[in-house]
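Listed below, chain by chain, are the residues.
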Amino acid sequence: MREPLDLFTIPSTSCPFQGVRWPIECEVIRDKIQHIEWDPSEPEPFYQPTGDEQAPMPVGGVRGNTVYRIDPATKSSYFTYSRVGGSRGPIKSATSCANHQEEPTLAFESRFESGNLRKAVQVGQYDYELTLRTDLYTTKHTQWFYFRVRNMRAGVTYRFTIVNLMKASSLYSAGMRPLLYSEHAAWLKGEGWQRTGANIRYYRNNTEQDGKALYSLTWTLEFPFDGDTCYLAHCYPYTYSNLQHYLREIISDPVRAAYCKLRVLCRSLAGNAVYVLTVTAPSSSLAERKAKRAVVVTARVHPGETNSSWMMQGFLEFLLSDLPDARLLREIFIFKIIPMLNPDGVVVGNYRCSLTGRDLNRNYRSLLHDSFPCIWYTRNMVKRLLAEREVVVYCDFHGHSRKNNVFMYGCSDRKDASQCLQERVFPLMMSKNATDKFSFRSCKFKMHKSKEGTGRIVMWRLGIRNSYTMESTFGGSTLGDRKGTHFSTRDLKSMGYCFCDTLRFLFIFFNKKHLRSRKERNRLRQERVQSTGPKIIQRNIKHLVDLTKYAFL
């Protein structure tokens, strides 16, 4: 296989980002969907089941009134080509006009960036049965939902039931609630995404697909305003356009642009740019630059795991800030950051796959450059980086659908006893930095055969000893003062801050020799650390031994 070409440079700053490209089969409405960023003043509690929650069985379009239906967008069984804005020609109506009831039906829409809803059937005056779209060019992976609702009445209890989910268990059974966004609330009160829903239940229904059981999620809610425009989602949306907007802010700031270089690593199958940021302080000499070690951080290989993008944004906000610790990290490391590995999947509203219909995080060993360009170029970027310098940490940010809290998966070398605890140090210190969000006991370090194609294991086998995925729940925390509450976008971003802080503790505190050649202010910092070091090291080793005993059972 040929080596990758040099990174594409970003075009002129006057027009650095192209339009979003969609598969030609996809109809895309022209409405511009925007949401304000907002966090509730208090953590939002989990739903507490009463035991009286109903479990409606699917009715379908034969007995119900189909009020919304879109083409599944897979006229062919594989991706062919793309264009900006999706399909040509006028947008077809997806809403049924057959409505003779006194009460108006809800008006649904999902043909926008990251949207996912294939069909809505009215099965009662205020009850709606929803069917999600599978990942494009597959018959699997229904979990992510994100759609618009209009034409509602305030003070009326509506029921929504998604009928084609495929996982046997879900955080909805542990108190997780869906998200609601009201444009009226955003305009009048400055409020954004909020947890919503009562009578929440996740259960097996009476239908199957390809011989496998399907599951339903049902909940009720009251919309806050008459005639509002609202959105419902599985997790806080973070689109490809959101990323482009954030990156545009970075490169437009001359201060941040001095130590953050934005390039295009490659183009996806649909032709969307996969961006890579190089973050480091300018070096005074070639020798100083060569002495820097590297950190590689990636996110959003699974498009439905939007929580990973919020952690990534928190990571970037901290790293690109003017805080002393951020400046110190930039001085001693070179960061290679890919904030969105699967832009095509994000654009079309997939949960798991790219436009190949495959999970990219099982194909890091693949030689199929044309099928998996995002992964192929990422792996080769890391190989080139390893040829130049030590890569001390690789971490891929993810979301998790069945466990609460934040935790890590690492790699353990059973053949090398001297390294038996090394991979546990970073997650342990994360748990000390975020005691009410990060669970060390949920971390695992085994390398299962089925996971050999993941980024975590492939990068470990390339020689990166600290190779992880960091998993954030879609739900919330079961720890400390935050027990029983959902994560907000602020909470997710705080985990990006904690990741930076843990890098500082681990690779500055335990590598003081690197700082002896730095400027006087760093020499003073080193002396301060030395004065307290032995006690802290001793305490951390004790915690490490205590907390990792279970991992060897």
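Residues numbered from 1 in each chain as written. Predicted model: local features only at pLDDT ≥ 70, side-chain atom pairs only at ≥ 80, totals over all residues. Heavy atoms only, no water.

**A short note on the overall build of the chain**
Helix and strand counts for the chain come out as 12 helices and 23 strands. Residues counted as buried form 58% of the 553 residues belonging to the chain. In the chain, once contacts between residues fewer than 6 apart in sequence are set aside, the share between residues at least 24 apart is 79%. If you sum the accessible surface of the chain, you get close to 23800 Å²; carbon and sulfur atoms cover 51% of it. (Helix = DSSP H or I, 4+ residues; strand = E, 2+ residues; numbered from the N terminus. Buried < 20%, exposed > 50% of the residue type's maximum accessible area, 1.4 Å probe, protein only. Contact = heavy atoms within 4.5 Å. Areas by Shrake-Rupley, 256 points an atom, 1.4 Å probe, with all protein chains shown as cover.)

**Things to note about the pairing of strand β15 (residues 260-267)**
Pairing analysis gives seven bridges linking β15 to strand β16 (residues 273-279), with the strands arranged antiparallel. Its bridge partner being in β16, Cys-260 is matched across the sheet by Val-279. Linking β15 to β16, which pair antiparallel, is a turn of five residues; within it Gly-271 sits at a positive phi near 95 degrees. (Pairing = 2+ DSSP bridges.)

**As for the nonpolar core**
Judged by nonpolar contacts, the single largest core of 123 residues is most densely connected at Phe-108, Phe-160, Phe-315 and Phe-499. In terms of residues, this core owes the most to one element, helix α11 (residues 489-509), which gives eight residues. Each residue touching Phe-499, except ones within four places of it in the same chain, is listed here: Val-297, Phe-315, Val-393, Cys-395, Phe-397, Met-408, Phe-426, Met-430 and Met-470. Formed by 24 residues, the second largest nonpolar core is a distinct cluster that contains Val-274, Leu-360, Cys-374 and Val-458. (Core = buried A, V, L, I, M, F, W, Y, C linked by side-chain atoms within 4.5 Å.)

**What about the sheet that holds strand β10 (residues 179-182)?**
Spatial strand order, β5-β8-β14-β10-β11: five strands in an open sheet with antiparallel pairing. The open sheet is flanked by β5 (107-109) and β11 (194-195), the only strands paired with a single partner. Bridge analysis of β10 against strand β14 (residues 229-233) gives four bridges, and the strand direction is antiparallel. Note on β14: the bridge partner recorded for Tyr-181 is Tyr-231.

**Looking at the packing of aromatic side chains**
This structure, assessed with the given rule, holds 31 aromatic pairs. For the pair Phe-108 and Phe-147, a centre-to-centre distance of 6.0 Å together with 45 degrees between the ring planes defines the contact as tilted. Highlighted residues: Phe-108 in strand β5 and Phe-147 in strand β8 (residues 146-150), separated in sequence by 39 residues. The pair formed by Phe-108 and Phe-147 is uniform in burial state, with each residue classed as buried. When the ring of Phe-145 is compared with that of Phe-147, the centres are 6.3 Å apart and the planes differ by 40 degrees; the resulting orientation is tilted. Residues Phe-145 and Phe-147 agree in their burial class; the two are buried. (Phe/Tyr/Trp six-rings, centres within 6.5 Å; stacked < 30°, edge-to-face > 60°.)

**A short note on the UniProt feature "active site" (unreviewed entry) in the chain**
UniProt records the feature "active site" (unreviewed entry) at Glu-471, using the numbering of this structure. Within the element layout of this structure, Glu-471 appears in strand β21 (residues 467-473). Take Glu-471: its relative accessible area is 8%, and that puts it in the buried class. Once you skip the residues sitting within four places of it in the chain, Glu-471 turns out to touch His-398, Gly-399, His-400, Asn-405, Val-406, Phe-407 and Tyr-409. (UniProt positions renumbered as here; feature names shortened; annotations may be inferred.)

**Some thoughts on the environment of Leu-492**
Checked against the element boundaries, Leu-492 lands in helix α11. Looking at Leu-492, the relative accessible area reads 1%, which means it is buried. For Leu-492 and Trp-310, which are 182 residues apart along the polypeptide, the C-alpha to C-alpha distance reads 5.7 Å. Setting aside chain neighbours within four positions, we find Leu-492 in contact with Tyr-236, Asn-307, Trp-310, Met-311, Ser-472 and Phe-487.

**Some thoughts on the state of the cysteines**
Within the structure shown, the criterion is met by zero disulfides. In this structure Cys-266 is not part of a disulfide, and its nearest cysteine sulfur, from Cys-374, lies 4.6 Å away. Taking relative accessible area as the criterion, Cys-266 reaches 1% and is therefore assigned buried. (Disulfide = S-S within 2.5 Å.)

**Digging into the side chain of Asn-363**
Mapped onto the fold, Asn-363 is located in the loop between α7 (343-348) and α8 (373-388). Side-chain polar atoms of Asn-363 contact the backbone oxygen of Asp-359, separated by 2.8 Å. Not counting residues within four places of it along the chain, the set of residues in contact with Asn-363 comprises Arg-358, Phe-372, Ile-375 and Gly-453. (Polar contact = N/O pair within 3.5 Å; in protein donor to acceptor, adjacent residues only side chain to side chain.)

**Side note on α8**
In this model α8 runs 23 Å from its N-terminal to its C-terminal C-alpha over 16 residues, within 8% of the 22 Å that 1.5 Å per residue would give. Every buried residue of α8 is accounted for by Pro-373, Cys-374, Ile-375, Trp-376, Tyr-377, Thr-378, Arg-379, Asn-380, Met-381, Val-382 and Leu-385. Buried residues in α8 make contact with β15, β16, β17 (293-299), β18 (333-338), β19 (391-400) and α10 (455-462). (Expected span 1.5 Å × (residues − 1).)

**Details of the sheet that holds strand β12 (residues 198-209)**
One open sheet accounts for six strands, arranged β3-β6-β7-β9-β13-β12; its pairing is mixed. Every other strand in the sheet has two partners, leaving β3 (65-69) and β12 as the edge strands with one partner each. For this sheet the average axis-to-axis angle between neighbouring strands, irrespective of direction, equals 25 degrees. Note: strand β7 (residues 127-131) against strand β9 (residues 157-165), four bridges, orientation parallel. Paired with Glu-129 across the two strands is Thr-161, which belongs to β9. (Axes fitted to C-alpha atoms, helices over the stretch in contact; angles between N-to-C directions.)

**Quick look at unusual backbone geometry**
The backbone of Ser-114 shows a phi angle near 70 degrees, a positive value even though the residue is not glycine. Looking at the element boundaries, Ser-114 is found in the loop between β5 and β6 (119-122). At Asn-151, a residue that is not glycine, the phi angle is positive and equals roughly 75 degrees. When you line up the elements, Asn-151 lands in the loop between β8 and β9.

**Quick look at the pattern of salt bridges**
Inspection of the entire model under this criterion finds 17 salt bridges. For Asp-253, the salt bridge is made with Arg-256, and the minimal N-O distance between the two is 2.9 Å. Taking the relative accessible area as the measure of exposure, Asp-253 reaches 23% and is therefore partly exposed. For the salt bridge of Asp-501 with Arg-504, the shortest nitrogen-to-oxygen distance reads 2.9 Å. Residue Asp-501 and its partner Arg-504 are located together in helix α11, separated by three residues, close to a single helical turn. Residue classification places Asp-501 among the buried residues on the basis of a relative accessible area of 18%. (Salt bridge = Lys/Arg side-chain N within 4 Å of Asp/Glu carboxyl O.)

**Topic: the side chain of Glu-113**
Its location among the elements puts Glu-113 in the loop between β5 and β6. In this structure, Glu-113 is buried with no salt-bridge partner, the nearest side chain bearing the opposite charge being Arg-300 at 8.4 Å. Polar contacts involving the side chain of Glu-113 include one to the side chain of Ser-241, which spans 2.7 Å. Excluding its chain neighbours within four sequence positions, the residues that come into contact with Glu-113 are Val-20, Trp-22, Tyr-146, Thr-239, Tyr-240, Ser-241 and Val-347. (Lys, Arg positive; Asp, Glu negative; His and termini not counted.)

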